[in-house]
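# A structural walkthrough
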Amino acid sequence: MMDEPPYHLEIDGLESEETTRAGGSSLRGRAWIGIHFDCCGVYTRIYRNRAGTAYHGACPKCARTVTLRIGPDGTDARFFVAE
């Protein structure tokens, strides 16, 4: 039996990073919203794209994608259901 290689995860600055709040308001980090995927009954975060025009992500189980465009009127909601 072969020895498995050790795995090492480095997270630089973990101690000094500020916690990200839903929507990314006033704290460092990338803005996110919560999505519940009805297809597989799972919850995950999806993140705003670099252009700041939409939130895009996928179901972690079946890879079904979802995109929520950011409109001029917007919403204060931070949690959504993908049906």
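As shown above, the structure is provided for reference.
Residues numbered from 1 in each chain as written. Predicted model: local features only at pLDDT ≥ 70, side-chain atom pairs only at ≥ 80, totals over all residues. Heavy atoms only, no water.

### With respect to the packing of aromatic side chains
Aromatic ring pairs are defined here through the distance separating the ring centres and the angle between the ring planes. As enumerated under the stated definition, the model contains two aromatic pairs in all. Note on W32 and F79: the rings are 6.3 Å apart at their centroids and 70° apart in plane angle, and the pair reads as edge-to-face. Taken as a pair, W32 in strand β1 (residues 32-37) and F79 in strand β5 (residues 79-82) lie far apart in primary sequence, 47 residues in all. In this structure W32 comes out as buried when scored by relative accessible area, which is 6%. What makes F79 exposed here is its relative accessible area of 53%. One aromatic cluster is present, built from ring pairs that chain together W32, Y43 and F79. (Phe/Tyr/Trp six-rings, centres within 6.5 Å; stacked < 30°, edge-to-face > 60°. Helix = DSSP H or I, 4+ residues; strand = E, 2+ residues; numbered from the N terminus. Buried < 20%, exposed > 50% of the residue type's maximum accessible area, 1.4 Å probe, protein only.)

### Points about the nonpolar core
Within the largest apolar cluster, eleven residues are counted, these being A31, I33, I35, F37, V42, I46, Y55, C59, V66, L68 and A82. Each residue touching V66, except ones within four places of it in the same chain, is listed here: F37, I46, Y55, H56 and G57. (Core = buried A, V, L, I, M, F, W, Y, C linked by side-chain atoms within 4.5 Å. Contact = heavy atoms within 4.5 Å.)

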